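# A closer look at the structure
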Amino acid sequence: LAGARADVNPDEVASVLWKYFTELGSNAKETVDQLQQAEITKQLNTLLETKLQSANLYAEDLQRRLVPFATQLQARLAQDSQRLKEQIRQELAELRAKLAPYADEVHQQISTNIRQLQAKMSPYAEELRSQVDRGAGELQRVLEPYATELRDRLQDNAESIQASLSPYADRLQQQIDSGVETLKERLTPLADELKAQVGQSVEELRRGLSPYAQEVQDRLNRQLESLTAQMERAAEELRARLAASSEELRAQLSPLAQELRQAAGSDAESLRQRLAPLAQQLDERVGQTLEAFRQQAAPFGEAFGRQLVERLEEVRGKLDSGTAGVEDHLELLEKEVRDKVAAFLSTTQPAEN
């Protein structure tokens, strides 16, 4: 039972609900009409059936209770969205009014925080670029001997080439897989460190603004919660982009091994004819693929830093004008949805035997 409970991730359940809500739009009638089609029920059941492989009393009880809870929560989202939007508007107006006497100091504090963040992000961006270049360069050096070996094999008789080609292709694929995994291991810690810097930067901003917002600290905290959520999402997106780029690199290199396997099935007469161009092009194709990866992934760090600075500049603009954007209430509404789902799932935890 405890194992079944651990299989259900609150974030995955919340993601199903949130994606469904944002795709529907904010019209309450449309929400109700769509819910009557039981699409959300189907999506949640699919998720639960995937996660809860073993049938037991807890799994049955969770499935029975979760769908009505999700349906009710979805029906409230449109109303909650409007409520939260108005609440944020009022909070920002009050926050701006209270901070007005300190407008110059507040503006300067956020500007200082932006400069500090830029200074912190710059070394990480350079390190990310360096690790991308280093990892791609190492993978290229590891794969270079395979082109030489393939050219040497063309000097053997056709039967010998044919017998050794499949094991050679397997070794090449293993080297590609190993190189990509090593590359991902290099890049993931940097994404984690950048995410840690996000929290530190927001906390520094909170401390810097707290003397000016003592009477409206809760309003300021709400804005900083939204800022934190946006920044952490950007960090998660960076991690996902790095992983996706690495997997794309694997997908672009793997056809080389596949072509060799296909050539192994050729008759002896056409084998050399198929292999000769591949042997000449192998190192060039590897180099082009890795260079494309460098060009794509190396700037991710700089783009991430710019994205964080933009979020801080938006906060500065909101405190100057007292007006909120759509992202504010959506970020906080999504956070409420995730908190409610997590709280609900915590109440469904099976009793210990």
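The rules behind each value
- Residues numbered from 1 in each chain as written.
- Predicted model: local features only at pLDDT ≥ 70, side-chain atom pairs only at ≥ 80, totals over all residues.
- Heavy atoms only, no water.
- Helix = DSSP H or I, 4+ residues; strand = E, 2+ residues; numbered from the N terminus.
- Polar contact = N/O pair within 3.5 Å; in protein donor to acceptor, adjacent residues only side chain to side chain.
- Contact = heavy atoms within 4.5 Å.
- Expected span 1.5 Å × (residues − 1).
- Buried < 20%, exposed > 50% of the residue type's maximum accessible area, 1.4 Å probe, protein only.
- Core = buried A, V, L, I, M, F, W, Y, C linked by side-chain atoms within 4.5 Å.
- 1 Å grid on protein atoms, 1.4 Å probe; cavity = no way out; pocket = protein on both sides within 12 Å on 5 of 7 lines; lining within 4 Å.
- Points joined across faces, edges and corners; volume = space filled by probe spheres on them.
- Nonpolar A, V, L, I, M, F, W, Y, C, P; charged D, E, K, R; others polar.
- Salt bridge = Lys/Arg side-chain N within 4 Å of Asp/Glu carboxyl O.
- Axes fitted to C-alpha atoms, helices over the stretch in contact; angles between N-to-C directions.
- Parallel < 35°, antiparallel > 145°, perpendicular 65-115°, else oblique.
- pLDDT = per-residue confidence, 0-100.
- Left-handed = near helix turned anticlockwise from the far one by under 90°.
- UniProt positions renumbered as here; feature names shortened; annotations may be inferred.
- Phe/Tyr/Trp six-rings, centres within 6.5 Å; stacked < 30°, edge-to-face > 60°.
- Lys NZ or Arg CZ within 6 Å of the ring centre and 35° of its normal.

Here serine 164 is to be found in helix H7 (residues 158-209). For serine 164, the side chain forms a polar contact with the main-chain oxygen of serine 160, separated by 3.1 Å.

A word on the environment of alanine 264. Inspection of the secondary structure assignment puts alanine 264 in helix H8 (residues 217-264). Between the alpha carbons of alanine 264 and leucine 165 there is a distance of 5.8 Å; along the sequence they are 99 residues apart. Residue contacts for alanine 264: discarding those within four places in its chain leaves Gln162, Leu165, Ser166 and Leu271.

Compared with the 32 Å implied by 1.5 Å per residue over 22 residues, the 31 Å span of helix H10 (residues 300-321) between its first and last C-alpha is a close match. When we look at burial in H10, the residues that qualify are Phe300, Gly301, Phe304, Gly305, Leu308, Val309, Arg311, Leu312, Val315, Arg316, Lys318 and Leu319. Just past H10, the residue glycine 322 takes up positive phi, approximately 75 degrees.

Take the nonpolar core next. If you look at the biggest cluster of nonpolar residues, it comprises 90 residues, and the most contacted ones within it are Leu150, Leu165, Leu260, Leu275, Phe304 and Val341. Beyond its immediate sequence surroundings of up to four residues, leucine 275 is in contact with Leu150, Leu154, Ile161, Leu165, Leu260 and Ala263.

There is about 420 Å³ of room inside the largest pocket. Contributing to the lining of the largest pocket are 14 residues, with Ala229, Glu232, Arg233, Glu334 and Arg338 lying nearest its centre. Elements represented by at least two residues in the lining of the largest pocket include exactly helix H2 (10-24), H8 and helix H11 (326-347). Per-element tally for the lining of the largest pocket: the top contributor is H8, with 6 residues. Taken together, the residues that form the lining of the largest pocket break down as 1 nonpolar, 2 polar and 11 charged.

Here the focus is the pattern of salt bridges. Per the counting criterion, the structure on display carries 31 salt bridges. Two residues, arginine 222 and glutamate 91, come together in a salt bridge whose shortest N-O distance is 3.6 Å. You can see arginine 222 sitting in helix H8 and its partner glutamate 91 sitting in helix H5 (residues 57-99), a full 131 residues away along the chain. For the salt bridge of aspartate 170 with arginine 261, the shortest nitrogen-to-oxygen distance reads 3.2 Å. With aspartate 170 in helix H7 and arginine 261 in helix H8, this residue pair connects regions lying 91 residues apart in the sequence. Owing to a relative accessible area of 35%, aspartate 170 belongs among the partly exposed residues under this scheme.

On to the packing of helix H6 (residues 103-153) against H7, then. As a packed pair, H6 and H7 sit with axes 10 Å apart at the nearest point and diverge in direction by 175 degrees. In terms of orientation, H6 lies roughly antiparallel with respect to H7. For the contact of H6 with H7, the class distribution of residues is 25 nonpolar, 12 polar and 10 charged.

A few words on the confidence of the model for the chain. Per-residue pLDDT for the chain has a mean of 82; in total, 86% of the residues score no lower than 70. Counted against residues more than four places away or in other chains, residues 1-6, with its pLDDT under 50, gives 12 contacts.

On to the packing of H8 against H10. H10 packs onto H8 with a crossing angle of 165 degrees between their chain directions and a minimal axis gap of 10 Å. Taken together, the axes of H8 and H10 are roughly antiparallel relative to one another. Of the two possible hands of crossing, H8 and H10 adopt the one that is right-handed. Contact with H8, carried on its side by Gln223, Leu227, Gln230, Met231, Ala234, Ala235, Glu237, Leu238, Arg241, Leu242 and Ser245, involves Phe300, Phe304, Gln307, Leu308, Arg311, Leu312, Glu314, Val315 and Lys318 of H10 and no other residues of that element. Of the residues belonging to the contact of H8 with H10, the class tally is 11 nonpolar, 4 polar and 5 charged.

So, about the UniProt feature "coiled-coil region" (unreviewed entry) in the chain. According to UniProt, the positions carrying the feature "coiled-coil region" (unreviewed entry) are residues 70-105 and 217-248. Structurally, residues 70-105 comprises 92% helix and 0% strand, and the distance from its first C-alpha atom to its last is 45 Å. Secondary structure across residues 217-248 comprises 100% helix and 0% strand; the distance between its end C-alpha atoms is 46 Å.

Let us now look at the packing of aromatic side chains. In this description, an aromatic ring pair is defined by two values, namely the gap between the centres and the angle between the planes. One pass over the full model with this rule turns up 3 aromatic pairs. Relative to phenylalanine 344, the ring of phenylalanine 69 lies with its centre 4.1 Å away and its plane at 5 degrees, an arrangement referred to as stacked. A residue pair is termed long-range when its members are at least 10 positions apart, and phenylalanine 69 in helix H5 and phenylalanine 344 in helix H11 qualify at 275 residues. Residue phenylalanine 69 is classed as buried on the basis of its relative accessible area of 18%. A residue is classified by how much of its surface remains accessible, and phenylalanine 344, at 12% relative accessible area, is buried. For the ring pair tyrosine 102 and tyrosine 212, a centre distance of 5.6 Å and an interplane angle of 40 degrees mean the geometry is tilted. A residue pair is termed long-range when its members are at least 10 positions apart, and tyrosine 102 in the loop between H5 and H6 and tyrosine 212 in the loop between H7 and H8 qualify at 110 residues. Judged by relative accessible area, which is 34%, tyrosine 102 ranks as partly exposed. On the accessibility criterion, tyrosine 212 (23% relative accessible area) is partly exposed. The lysine or arginine in question, arginine 241, covers the ring of phenylalanine 300, its NZ or CZ lying 4.0 Å from the ring centre.

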